[in-house]
Amino acid sequence: HRPKTSGLKPNPLVNRLRRWKSDYTNKKHNQTSPLSTTTASNVGGCGLGNVRDQMLPTTMHNTTELYQHCSKPHTVSIIGAPMTYGQPLIGTDCGPAMLREAGLRSKLTALGWRVEDLNDLNFEQITDVNGALSKNSKNNKAKNSIRVGKSAEMIANVVCERASMGRFPLVLGGDHSVAIGSLAGILKARPRTGVLWIDAHADLNTPDISGSGNMHGMPVGLLMEEMCSTEDLSKIPGLEWLADEQNLQPKLRPDSIAYVALRDVDLEERVAIRELGIAAFTMMDIDRYGIGAVMDMALSHLLKDDPTRPIHLSYDIDAIDPGLAPATGTAVRGGLTFREAHYVAEAAAQSGLLASADLVELNPQLADPMGAMETTELGLQIITSLMGKSII
């Protein structure tokens, strides 16, 4: 059945976002070219005013068929997941509204997709029984686990349903704790799925080893059997559904994930990556081999034993250098460049096996209006690249 959503009532953030967009557009067109005093919008070939981003699908029809695990005609299901309780900074709940307001639906249709927008899931409907939510917020091992866990269950149900229908679930975060739900749902519908985790961070923590207790750093760890057992999950308030023996949740195997763009990894996570043999490509690997070779290695790792398995891509905007994407909560210098960020998405799409994705951790309140809109535009462009936008 269709999930409960917040309906079609206007998001109170939208008017503010529109003002930001207007201010941003005006600033772009009033930028002064470094070559003259003429505004950039009037200077041929230089300045932000001349930037274009055509929405054209590939014309290379003799290459690998794209989105092989999605039924035809290809339909993308947009699932808004305005989660902010997986970390302490307000604002990640604005992400879905920002991306829609920037033109997500029209750009996807321009790429040939049929679009089903399920609007935002309503996480506020989670009720506080006997003060459990307020007490749980003080749990230092897994902060706000009831809100995060029950919200993740909502996400998992709709992702599983849409994936089982042959659609492409596109989850818009929200902080990265939403991936607890998206991963659980995808693994339920498509247990063979391999995961590309594009992030500055490994998100491999569990309540027992996390230094902060913030659950946006735990989605991979919670769903990996070697990190968090079914018994462990049954003891985490809000995540009991992951341990339901009547509705057993498939786990993520260590050989079914590949990290790309890591550069800020906790000590316990480093140990786990090495001991479990998880494929992890850091920014140093990208510096050494180049993004093309790294993506080839990451995809080869996931496909070596199952060359037609579906791929889920979880893309944290903080994988990109904060000079390009400042509006995010856990920014770390030395991230992906503009073209590297796009190539990751393009390579995943060109594999033909991409079947679902997340875009997370966009937080407009952590940058000025221009930085917020620049980050939103880049996030939108990344989505279009992974949904089939092509240079030729």
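As the structure is a computational prediction, the values presented were derived from the model and not from experiment.

Novice: How do you make sense of the environment of R192 when you look at a structure like this?
Specialist: By secondary structure assignment, the location of R192 is in the loop between α6 (178-189) and β4 (194-198). Spatially, the C-alpha atoms of R192 and D306 are 8.3 Å apart, while their sequence positions differ by 114 residues. Beyond its immediate sequence surroundings of up to four residues, R192 is in contact with H69, D306, T308, R309 and P310.

Novice: Sorry if this is basic, but what is going on with unusual backbone geometry here?
Specialist: The phi angle of most residues is negative, glycine excepted, and most peptide bonds adopt the trans form. In the segment running from K72 into P73, the intervening peptide bond is cis, with an omega of -5°. Of note, P73 is situated in the loop between α1 (14-29) and β1 (75-81). For the bond running from G173 to G174, omega is 15°, close enough to zero to count as cis. Position of G174 among the secondary structure elements: in the loop between β3 (168-173) and α6. The phi dihedral of N144 falls on the positive side, at around 55°, and the residue is not glycine. Residue placement: N144 occurs in the loop between α4 (132-136) and α5 (145-164).

Novice: Is there a simple way to explain the pairing of strand β6 (residues 279-282) in this structure?
Specialist: The side chains of a regular strand alternate, first on one face of the sheet and then on the other. Alternating residues of β6 divide into A279 and F281, all buried, and A280 and T282, none buried. Pairing of strand β5 (residues 257-262) with β6 involves four bridges; the strand directions are parallel. The residue bridging V260 from the neighbouring strand is F281, located in β6.

Novice: Mind showing me how you'd approach the packing of aromatic side chains here?
Specialist: Centre-to-centre distance and the angle between the planes together describe a pair of aromatic rings. As enumerated under the stated definition, the model contains three aromatic pairs in all. Here the aromatic rings of Y67 and W113 are separated by 4.8 Å at their centres, their planes lie at 70°, and the arrangement is edge-to-face. Of this pair, Y67 sits in the loop between α1 and β1 while W113 sits in the loop between α3 (104-110) and β2 (114-120); the two residues are 46 residues apart in sequence, bridging distant segments of the chain. For the pair shown, Y67 and W113 are each scored as buried. Grouped by ring-pair contacts, the aromatic residues Y67, W113 and F168 constitute a single cluster. The ring of Y85 carries the charged tip of R147 above its face, separated from the ring centre by 4.7 Å.

Novice: How should the nonpolar core be read in this particular structure?
Specialist: If you look at the biggest cluster of nonpolar residues, it comprises 60 residues, and the most contacted ones within it are F168, L196, V260, Y315, L336 and M387. When residues no more than four places from it in sequence are discounted, the contact partners of F168 are Y67, C70, T75, V76, S77, W113, L354, A355, S356, A357, L386 and M387. I79, A152, L204 and W241 belong to the second largest nonpolar core, which has 50 residues in total.

Novice: Explain the sheet that holds β2 to me, please; I cannot follow it from the model alone.
Specialist: Think of a sheet as strands paired side by side through backbone hydrogen bonds, with each pair either parallel or antiparallel. With parallel pairing, the eight strands of this open sheet are ordered in space as β2-β1-β3-β8-β7-β4-β5-β6. Single-partner strands in this sheet number two, and they are β2 and β6. Across the sheet, the mean angle separating the axes of adjacent strands is 15° when strand polarity is ignored. With five bridges connecting them, β4 and strand β7 (residues 311-316) associate as parallel partners. By the bridge assignment, V195 is partnered in β7 with H312. Sheet strands touched by helix α13 (residues 369-386): β3, β7 and β8 (354-360). Its angle to β8, the strand with the most contacts, is close to 175°.

Novice: Honestly, α6 in this entry has me stumped. Any pointers?
Specialist: Two residues of an α-helix separated by three or four positions point the same way, owing to the 3.6 residues in each turn. The end-to-end C-alpha separation of α6 is 17 Å, in line with the 16 Å expected for twelve residues at 1.5 Å each. Within α6, ten of the twelve residues are buried, which leaves it mostly tucked inside the rest of the structure. Among the residues making up α6, those that are buried are V178, A179, I180, G181, S182, L183, A184, G185, I186 and L187.

Novice: What's the story with the environment of R114 in this structure? I'm lost.
Specialist: Looking at where R114 falls in the secondary structure, it is placed in strand β2. Looking at R114, the relative accessible area reads 47%, which means it is partly exposed. In the structure, R114 is positioned 42 residues away from K72 in sequence and 9.7 Å away in space, judged by C-alpha atoms. Dropping the residues within four chain positions of it, R114 is found in contact with P73, H74, T75 and V76. A polar contact is formed between the side chain of R114 and the side chain of T75, at a distance of 2.8 Å.

Novice: Could you clarify how one ought to interpret the environment of T308 in this entry?
Specialist: Mapped onto the elements of the fold, T308 is located in the loop between α11 (291-303) and β7. Residue T308 is classed as partly exposed on the basis of its relative accessible area of 45%. On a C-alpha basis, the gap between T308 and R192 in space is 9.3 Å, while along the polypeptide they are 116 residues apart.

Novice: Could you clarify how one ought to interpret the confidence of the model for the protein in this entry?
Specialist: The predicted coordinates of low-pLDDT regions are not to be read in fine detail. Scored by pLDDT, the protein has a mean of 88; 82% of the residues are at 70 or more. Considering only residues more than four positions removed or in separate chains, one finds that residues 1-9, a stretch of pLDDT under 50, has 22 contacts. Note that pLDDT drops below 50 for residues 32-49; the model gives that stretch 28 contacts with residues more than four away or on any other chain.

Novice: So what exactly am I meant to see when it comes to the pattern of salt bridges here?
Specialist: When the charged atoms of two side chains lie near each other, side chains of opposite charge can form a pair. Applying the stated criterion to the full structure yields twelve salt bridges. D117 is the partner of R100 in a salt bridge, and the nearest nitrogen-oxygen pair spans 2.8 Å. Here R100, found in helix α2 (residues 95-101), pairs with D117, found in strand β2; they are 17 residues apart in sequence, far enough to count as distant. Note that D120 and R100 form a salt bridge whose closest N and O atoms lie 2.6 Å from each other. Highlighted residues: D120 in strand β2 and R100 in helix α2, separated in sequence by 20 residues. The burial state of D120 is the same as that of R100; both residues are buried.

Criteria and thresholds
Residues numbered from 1 in each chain as written. Predicted model: local features only at pLDDT ≥ 70, side-chain atom pairs only at ≥ 80, totals over all residues. Heavy atoms only, no water. Helix = DSSP H or I, 4+ residues; strand = E, 2+ residues; numbered from the N terminus. Contact = heavy atoms within 4.5 Å. Buried < 20%, exposed > 50% of the residue type's maximum accessible area, 1.4 Å probe, protein only. Pairing = 2+ DSSP bridges. Phe/Tyr/Trp six-rings, centres within 6.5 Å; stacked < 30°, edge-to-face > 60°. Lys NZ or Arg CZ within 6 Å of the ring centre and 35° of its normal. Core = buried A, V, L, I, M, F, W, Y, C linked by side-chain atoms within 4.5 Å. Axes fitted to C-alpha atoms, helices over the stretch in contact; angles between N-to-C directions. Expected span 1.5 Å × (residues − 1). Polar contact = N/O pair within 3.5 Å; in protein donor to acceptor, adjacent residues only side chain to side chain. pLDDT = per-residue confidence, 0-100. Salt bridge = Lys/Arg side-chain N within 4 Å of Asp/Glu carboxyl O.

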